[in-house]
Structure formats: structure tokens, C-alpha cells
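Here is how the chains run, residue by residue.
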Amino acid sequence: PAQSNNCAPQPQINVDDIRISPGSPDAMGPTPVGDRGVNFAIFASCATSVDLCVYFDEASTSRQPSLRIPLDGDVNRTGDTWHVRLDNIPRGGDGYLVRYGYLVAGDEPARKGDRWHPDHLLADPYAPLVEGRRVFGDHSSSPNGEEKIWMGAIQFDATPFDWGGVTPPGLPPQDLVIYELTTRAFTNDASSGLNPGRRGSFLGIADKVQHLVDAGVNAVELLPVFHFDEMEFQRSPNPRDHMHNTWGYSTLSFFAPMTPYASEGAGPAAAAREFKTMVKTLHAAGIEVLLDVVYNHTGEGTDQMPNTFSFRGLDNKAYYMMEESAHPYKNYTGCGNTFNCNHPMVQRLVLDSLRHWVDEYHVDGFRFDLTSAMCRDQNGEPMTSPPVIREIAKDPVLARTKLFAEPWDCGGLYQVGTFPNWDRWGEWNGKYRDCVRRWIKGDAGLKSEFAKRISGSSDMYHVNARKPYHSLNFITAHDGFTMRDLVSYNLKHNDANGEQNRDGCNDNDSWNCGHEGEDGVSDGVKSLRWRQMRNMHLALMISQGTPMVLMGDEYGHTRGGNNNTYGHDNALNNFNWDKLEHQRDGYFRFHSGMVKFRVAHPLLGRAEFLTDQDVTWHEDNWDNHESCFLAFTLHDRGQGGGDLYLAFNSHEFFVDAALPPPPGGKTWHRVVDTNLPSPEDFTPEGKPGCGARYNVAPRGSLMLQAK
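Chains are numbered independently. Their residues run from 1 in the order of the written sequence. Where totals are concerned, whole chains, interfaces and linings use all residues; where local detail is concerned, this predicted model gives features only for residues with pLDDT of at least 70, and gives and counts side-chain atom pairs only at 80 or more. Calculated side-chain values reflect all of the structure's heavy atoms, with hydrogen atoms and water omitted.

## Comments concerning unusual backbone geometry
- Residue E108 is joined to P109 through a cis peptide bond whose omega torsion reads 0°.
- Labels follow the DSSP assignment, with helices taken as runs of H or I lasting at least four residues and strands as runs of E lasting at least two, numbered in each case from the N terminus. With respect to the helices, strands and loops of the structure, P109 is situated in the loop between β8 (98–105) and β9 (129–131).
- Although it is not a glycine, N501 adopts a positive phi angle of roughly 65°.
- Structurally, N501 can be placed in the loop between α11 (483–486) and α12 (523–542).

This is the structure we're talking about:
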């Protein structure tokens, strides 16, 4: 027999042996049945004809199906679901894939909202694997020379993955410290030391698990890993056609892992297996795996620049929010289309997808991109109780997972603190980010709000059964400035994106410490920048709530002031392992040390909101608009770890602070003074001799521990 693209022997194929029967509409997608059978089912409510194309020979092109099966609307259709069962399918063991797709047609001329592509092979929305381009950014890696063809794929006889008894860590939500990570960029740089074929892959993350342990984090949040088209900007000439999509916020398949994230271009089955290896490796190290998921839109684009993969040609007006206008796709996402998540069948797809990643891949939670777009009805109107959000919150399979919403969209719906939650959903707290940035750079009038934000944002989240950890606290994330750029640039510098610096956010709440950029910087400005980074990281680590740090911030990664680097497969995004080594005994020591201190100290990361007995605010002038100094004590009431005294001085002058008396028989030990050079900036064992007063440096922060 011929050799397949997976280098696995193909079985002998005799299509006359295949038995075809009507099948069942019960389970969507391909479902193994019997000994050598599979049931196919797909939703297409407005279609007038559906043909299933199946490819047993992996050397055949998309125009050479082994079987093309026209489905009979009277026999193979139940309601809006088309279905068929095939038995006696050839089996080929590990590495052998059966590819498949659909040819779908409807009324011509198409009715309003419909988009028919009867000659375009469509992928199944439920396809567990996607076959196509295998090496990131390399058209020549497409099987059988078909550069722009994607097909669903099934692997029947793969050896079951050996989880080796490794189970999800099941960390209490209040203990989480999240590390936001881009799969491609984490190990893509040569400084990673990995072989070229392994860089930028799921296995690359597994190879670097020790760094995550050293960094002190116990959860990673992976930017989108559902299959997407990294070369979508190059479909036609446009100002962005020099870029590759490295962030991945253009999902095409909600069940299949990103095929080019397999090492060595090994294909979709390897991508699935290596994703599991990555999860197993992280779990064995006590690190949970959260996925950044994009259900608010897809990568299929619009009529002006379509990238038809599946949904457009199957049931366009069911899967997308539509309107009658020159631009008929409602766009609450800034990406051209909006997925119609509260349509019953789309809602079912979202829930089935989430369960698939929990059951099959053992993931521990999800962050939902632009989640407020999922809170709109089919006409785009906001809903107070969105069915898809409610069902996610109440689903028993998802009960063990962490759920975080990005509680806004690009249509003006902003729900920070008010996101419909059923006491399950956490939120990316954008108000925390903005307040901490502004306080640390010295903006006036923020003392009361800063106190609220670092103590868990109880003004927003102390409602019903919600907890402090439902506030996901962050200062930097993938979009926007890195921590280094936050203290180096007043303005964005996005010219490399091809849009004449028009893209990206203009309101960054950044301060360049007196000099724009990295060139010609004085030693004084350099020192102040590192101090400001320490100030922000300290604030994040002592805050009640769930902290999230950005990949690369632990060594001071810069993107040159570009705050929207979604399309740069280069040093702007790539983690630089050489620069990490340069900072290992410097800023990385501080950054990782504070993460570990937070995880270890019982007074930080609480399950309940602070009470008046838990905290003393050393403040009697809350209404002083000009005051940029705040100090407080967290009290050890039997939890252990000792009292903690914190002070944040955003003034440009010293503040001589009177220290409160420590608990009986103890003295204050200095753990953090961000004004001091490394290693004195962080002394985890605590340095004694603080006395009754402490002169807190300009733009300096302090943490003392009672011992």
C-alpha cells in the first residue's frame, strides 16, 4: 500500500466493502460506532443538498475522495441535522488518518443571510483534528501540494494516550497565579536552545516546564490553541500581508488543536498527542492549564475578505449575527463577524467543545475572549441572562474548571463587575489594571480606589456568593504594553503593523520615566524604570484576587512600544532566553521570588474578603486628592506567616512613615524595598532592624513581615 502523509502504512482500501446506512442525528460530528463504523452528523438548516466526501488514501487530493455520498433529505435528515453511518472503514493503526469534508448547496439565488459555496470542501465544525498546512507559515508543508485546503480528520486506531496516573492538580481557586503564554512565541527564538523543528510547539512548552517552576507560577493560560490560519493576512494584497497571526484569535475549528504546533511538522494526530504530553508534563509539575478561547467570532472573515472554512457554507445566518446592510455581518468583536452563541445549535457547539477539551485533553479552565459578545441575543441586543453563559456555569463536566470572562466587547458592552456569573464566572478586572497603572505612575486622586482594587475589589465582587478570586488582577497582558514598555513609552509605536500607527489602544496609562524608548537612556532613568516595574509587581502579588503575569515580564521583555503585536512572528513577541539569563540574579529573582512569597503566605490570596479585623489602614486622610502614599497592615489571626506591613509611595519625595507596633514579642523584618538594588530589594527571609519608623523612598514600595 501507498505511504500516507503521516509515514504510517495505509490499510488496503476497497470502497465496495463500505456499508452505508442512514445514521443518527443524536451526536454531532464523527462518532465511532460498532467495531469499524462511524456516524457523521452535521447541522445545516437551510441546505438543500449535502454530500459527504471521505478520503481513505492520504495521498489523494481534495478533488479525489474515496467516497462521495449524496445525503438524501428524506432518509439522511432529521430536523436540521444531516447524518449518515459508514461501517467497515479501513483501519491503519497509529498515524493513519481518515480525512473528510462536506459539499453543501442551498437555494439559488441565495436567500438573505445565506452564503453557499457548493464547490468548496467544508470542514466539519466538530472535526477532532484538522489536516492541512503542517509547519507554521510554510505553504510548502501542505499535504499533497494543496496550499489552502483544510479537511477534518479522524484517527480511529491510535494507541490510547498514557496519562501515567497524572491527574489535574485541582488547585483551590484562591491559590492560583497565572502565567499568560503564547505557544509559538515561548520557544520560537533560537535562544530557547531547542532544535528548530521543536521550537514554537506544544512540546517546547513541556521542555521548558522548569522555567515555569522557577518562576513560581502554578497555572499557564495559553493564548488560542484551537486550530487557526496563521497566514490569513496573506490571502490577498493588503497593508498587513507581511505578517503572520501569532496570537491565534481567529479560530476556525473549536475541537482541533493547532496543527502547526506539532513538532517537526508531524501533523494533526501528533499535535493532539503532543498537546496531551504538554498537559501531562505541566500537571506533573503542579501547574494547571487554562486555555484562552475565542467563541465570539471566527477566522472566516466577511464578504469583503472571506476565508471560508466551515460555518459560512453550512448555515451562515445561524452561526453568525446578520443584518440587512452593506456590511451584513454584525461586528461586536472588531474582527468582522460575531458568532451567534445564543442560537441553540451554536450554544450546543460551544458547550460540546468545552467538554471535549476537559474530557479529552484534561484542561483545567478557560478564559473567554470578548465574552460580552456572547451575552448578546441573535439580534445583537444584550441579555441579562444569556443562555450560553448560564449553561457553561452550570455544566457538570465543567464544574471543576476555572472560568474567566473578558467582560467587554467592541460594541460598547462593558460588564466589569456586572458580568452575569451565577457565582461561577471570574472576570478580567480591567478597572484593577487601569487603577494600579495610574497609581504607580503617580496620578492623583486614586488612594481610595487603589485600596479597593488591591483588597479584592469588594465594591464589585462582594455580591451573593462571589469571592475575591473572581477578580482576575492583571497589569499587563498579550495586548497592550509589556511591563517594560509600560515604563518606557508614553506613546504606542505600531508602525510595523502596516496601519500607520492607527491600530492598538491609545490610552495606555503608561509613563516613560522621562525618556521615550530604549535609546540613549540615562542610568537614572534605567534605575527608575526597574523600580517602577518592581512597584507594580509587588502591588499585583499582594493584592487579593487571582493574579496573572505576562510571559516575558519576568525579565523585562520589550516590544519596542508596539502595543498590538498580534502579527509579528519575530523578536517583538518571542521570549528571549538569553535576556532571561542576564536577569536571572536581578529582576527575575525579584519577580519569581514575589510570586513564591505570595503562594506561600496565608494572608495573600484569600478565599474570603477582608474584614476590619484582617486589615488596618494607616490612613486618616482618604479625601486628600494630592496624597499618593498608602500604608496598611494585614493581620495574622492564626493563619500563620506573620503580619505584613505594606507601603506604596508614588510621590517624588521621601515619606517618613511611622510603623505600627508589631504583634507582641515580634519585630518588623524588611522583605521588600523596591528602591534598593538587587539582592537587597527582596530578602525572602526578612532583614531585621527596621525600628519604629521607615523612610520610604520616592516612587518606592515596602513590605515588612512580623517575625
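## Things to note about the nonpolar core
- For our purposes a nonpolar core is just a set of buried Ala, Val, Leu, Ile, Met, Phe, Trp, Tyr and Cys residues, chained together by side-chain atoms within 4.5 Å. Residue exposure (1.4 Å probe, protein chains only): buried if accessible area is under 20% of the type maximum, exposed if over 50%, otherwise partly exposed. Grouped together as the largest cluster of nonpolar side chains are 156 residues, with contacts concentrated most on L86, F275, L291, F366 and I392.
- It is α12 that contributes the most residues to this core, nine residues altogether.
- Leaving out residues up to four positions away in the same chain, F366 has contacts with L290, L291, V293, L354, W357, V358, L398, T401, K402, L403 and F404.
- Among the nonpolar cores identified, the runner-up in size contains 17 residues, and I178, Y461, A477 and F609 belong to it. Contacts between residues were defined by any pair of non-hydrogen atoms, one from each residue, lying within 4.5 Å.

## Notes on the environment of G73
- Checked against the element boundaries, G73 lands in the loop between β5 (67–70) and β6 (77–78).
- The class for G73 is partly exposed, based on a relative accessible area of 36%.
- A sequence separation of 25 residues divides G73 from T48, and the C-alpha atoms of the two residues are 7.8 Å apart.

## Things to note about the sheet that holds strand β20 (residues 629–634)
- Here six strands make up an open sheet; going across it, the order is β19-β20-β21-β26-β23-β24 and the pairing antiparallel. Both outer strands of the open sheet, β19 (615–617) and β24 (682–687), are each paired with one neighbouring strand and no more. Shown here is a sheet whose adjacent strand axes are inclined to one another by a mean of 15°, direction ignored.
- Should DSSP find at least two bridges between two strands, the strands are regarded as paired. In the sheet, strand β23 (residues 668–673) pairs with β24 via two bridges, with the strands oriented antiparallel. Counterpart to V672 in the pairing with β24 is F682.
- For helices, the fitted axis covers only the stretch in contact; all axes are lines through C-alpha atoms, and the angles between them, taken along N-to-C directions, range from 0 to 180 degrees. Across the sheet, α12 touches β20, β21 (644–649), β23 and β26 (700–706), and the angle it forms with β26 is around 45°.

## A few points about empty space enclosed by the protein
- Of the grid points, spaced at 1 Å and generated over the protein atoms alone, those admitting a 1.4 Å probe that cannot get out make up cavities, while open sets with protein on both sides within 12 Å along at least five of seven lines make up pockets; any residue with an atom within 4 Å of a point is treated as lining. Grid points are joined across faces, edges and corners, and a volume is the space filled by probe spheres set on the points. For the structure shown, the criterion picks out six cavities of 30 Å³ or more.
- Considering only enclosed or pocket space, the largest cavity measures out at about 100 Å³ in volume.
- Together, 14 residues line the largest cavity, and T182, L550, M551, R559 and N573 are the ones closest to its centre.
- Per-class residue counts for the lining of the largest cavity are seven nonpolar, five polar and two charged. Classification convention: Asp, Glu, Lys, Arg as charged; Ala, Val, Leu, Ile, Met, Phe, Trp, Tyr, Cys, Pro as nonpolar; all other residues, Gly among them, as polar.

## Let's talk about the layout of surface pockets
- Estimates place the volume of the largest pocket at around 1400 Å³.
- Contributing to the lining of the largest pocket are 49 residues, with T333, G334, C335, N564 and Y566 lying nearest its centre.
- Top element by residues in the lining of the largest pocket is helix α8 (residues 430–440). It accounts for three residues.
- The space that makes up the second largest pocket amounts to roughly 800 Å³.
- Forming the boundary of the second largest pocket are 28 residues, of which P128, Q155, K276, H356 and E360 lie nearest the centre.
- Looking at the lining of the second largest pocket, the elements with two or more residues in it are β2 (29–33), α4 (268–284) and α6 (344–359).

## What to know about the environment of F682
- Assignment of secondary structure puts F682 in strand β24.
- Distance in space between the C-alpha atoms of F682 and R534 is 9.9 Å, their sequence separation being 148 residues.
- Sequence-distant contacts of F682, defined by excluding residues within four places in its chain, comprise R589, F590, G593, M594, F597, V671 and V672.

## A word on α12
- In a helix, the anticipated span is given by 1.5 Å times the number of residues less one. End to end, α12 covers 29 Å across 20 residues, agreeing with the expected 28 Å (1.5 Å per residue, within 8%).
- Counting buried residues in α12 gives 15 out of 20 residues, a clear majority hidden from the surface.

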